[in-house]
Amino acid sequence: MSRTRPPFRADQVGSLLRPAALKEARARFQAGEIPADELKRVEDEEIRRIIRKQEEIGLQAVTDGEFRRSWWHFDFLKALDGVEGFEAQAGIQFHGVQTRAEGVRVTGRVGFSDHPMLEHFKFLKANTVVTPKMTIPSPSVLHFRGGRKEISTTVYPQLDAFFDDLARAYKKAVKAFYDAGCRYLQFDDTVWAYLCSKEQLQLARDRGEEVEKLPRIYADVINHAIADRPHDMVITTHVCRGNFRSTWVSEGGYEPVAERLLAGIDYDGYFLEYDTERAGGFEPLRFLPKGKKIVVLGLVTSKTGTLEAADAVRRRIDEASKFVPLDQLALSPQCGFASTEEGNLLAEEEQWAKLAMIVDIARNVWG
């Protein structure tokens, strides 16, 4: 029951803790003490190191740890045509802490051309002997957080045109990554979890959003973006409730969106957070169609260094298999280990121990 096609039985979300050498180089670059090519040299060196580490652990898919990014989402979005970063009035509010006060806004027609992350992927692919995995934010992320007020009314008097351009831009992105050699692409997406949160839904209503329409709109954009992918390209999504310095944003089970997300969007796999009660039970997984789609259970937390008991993880896999055939399940951390460059509150050694445990459990469960 092992898999030769992603997502793999033992898999990972994407981001990894930034090592001290990389943090120091980025700080020196921002202070004007070193040039861009010196920062790139350090990034290249550290990425090669973590690729080897992931391979040694036994992971069948590796990432670059998002080592060239500051944020899991903003870095990609700012490099789209028509999108710019800006200094916001406040950061994103997590449980007891705020992020840096940054944001993105739409100032022109949204498009995809000459994106720097294509080169990031090519470097990853050239330096691994296993499957290189690329992670980018889902198109829904560009809209949900800022909403109408961060989308130019001059460029887009009506939001239908914005969503059309957004879908076309991501369709181009999918093709561009495929042409660069990517066969495993992931859309990271906190929005579907926010749509399960009464608090986040109310905040969206306060921003003027018609939240009841958003699931259909987002599903249509995503389906358009991925519809023409070649048969040998796997596209997954990752859904979590926020991940910054080991804290979180939202809570609520998947029931409100499960049918549309699992059965109504043409993803090949779903990395779903399931490390705490905030994610609810496994019952919503009943909406996963029988067949080829895979749910990757995020049962191992990336927020603390405490290693889960392997038997407890296996029992939770057994619980999930009451709603989804075991052959349509896999295992991963609940999120990345560093959705922003600050990273979660655990040590690198603890991070690697968790990933190694996931590989061991997957071998035990699926062979």
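Presented here is an overview of the structure given in this document. (Residues numbered from 1 in each chain as written. Predicted model: local features only at pLDDT ≥ 70, side-chain atom pairs only at ≥ 80, totals over all residues. Heavy atoms only, no water.)

## Some details on the pairing of strand E9 (residues 234-239)
Then step 1. Of all the 6 residues making up E9, 6 are buried; the element is thus mostly covered by neighbouring parts of the structure.
Then step 2. Neither face of E9 is left uncovered, since the one carrying Val234, Thr236 and His238 and the one carrying Ile235, Thr237 and Val239 both have all their residues buried.
Then step 3. Where E9 meets strand E10 (residues 269-273), 4 bridges bridge the pair, whose relative direction is parallel. The residue of E10 that forms the bridge with histidine 238 is phenylalanine 271. (Buried < 20%, exposed > 50% of the residue type's maximum accessible area, 1.4 Å probe, protein only. Helix = DSSP H or I, 4+ residues; strand = E, 2+ residues; numbered from the N terminus. Pairing = 2+ DSSP bridges.)

## Some points on the pattern of salt bridges
Then step 1. Enumeration according to the criterion identifies 30 salt bridges in this entry.
Then step 2. Taking the shortest distance from any N to any O, the salt bridge between glutamate 150 and lysine 149 comes out at 2.7 Å.
Then step 3. Residue classification places lysine 149 among the exposed residues on the basis of a relative accessible area of 63%.
Then step 4. The structure contains a network of salt bridges with shared partners spanning Arg26, Lys40, Glu43, Asp44, Arg68 and Glu341. (Salt bridge = Lys/Arg side-chain N within 4 Å of Asp/Glu carboxyl O.)

## Structural notes on unusual backbone geometry
Then step 1. Of the consecutive residues proline 6 and proline 7, the connecting peptide bond is found in the cis state with omega at -10°.
Then step 2. Along the chain, proline 7 turns up in the segment before helix H1 (20-30).
Then step 3. Unusually for a residue other than glycine, glutamate 66 sits at a positive phi of about 60°.
Then step 4. Look at glutamate 66 and you get buried, because its relative accessible area is 3%.

## A look at the side chain of glutamate 341
Then step 1. Within the secondary structure layout, glutamate 341 lies in the loop between strand E12 (329-333) and helix H12 (348-366).
Then step 2. Of note is the side chain of glutamate 341, whose polar atom sits 3.5 Å from the side chain of arginine 26.
Then step 3. Among the polar contacts listed, one links the side chain of glutamate 341 to the side chain of serine 70, at a separation of 2.6 Å. (Polar contact = N/O pair within 3.5 Å; in protein donor to acceptor, adjacent residues only side chain to side chain.)

## Observations regarding the sheet that holds E10
Then step 1. Read from one edge of the open sheet, 6 strands run E7-E8-E9-E10-E11-E12, paired in parallel fashion. If you trace the sheet from one side to the other, it starts and ends with strand E7 (134-137) and E12, each paired once. Here the strands of the sheet are splayed against their neighbours by 25° on average, with no regard to which way each runs. (Axes fitted to C-alpha atoms, helices over the stretch in contact; angles between N-to-C directions.)

## Section: the environment of glutamate 38
Then step 1. Note on placement: glutamate 38 falls in helix H2 (residues 36-57).
Then step 2. Distance from glutamate 38 to arginine 315, taken between C-alpha atoms, is 48 Å for residues 277 residues apart in sequence.

## A look at the pairing of E12
Then step 1. With 5 of its 5 residues buried, E12 lies for the most part within the structure.
Then step 2. In this structure, strand E11 (residues 294-300) lies alongside E12, joined through 5 bridges in parallel fashion. When the sheet's bridge partners are listed, glycine 298 is paired in E12 with serine 332.
Then step 3. One crossover worth recording links E11 to the parallel E12 by way of helix H11 (residues 310-320), and it is right-handed. (Right-handed = clockwise from strand over helix to strand, strands pointing away.)

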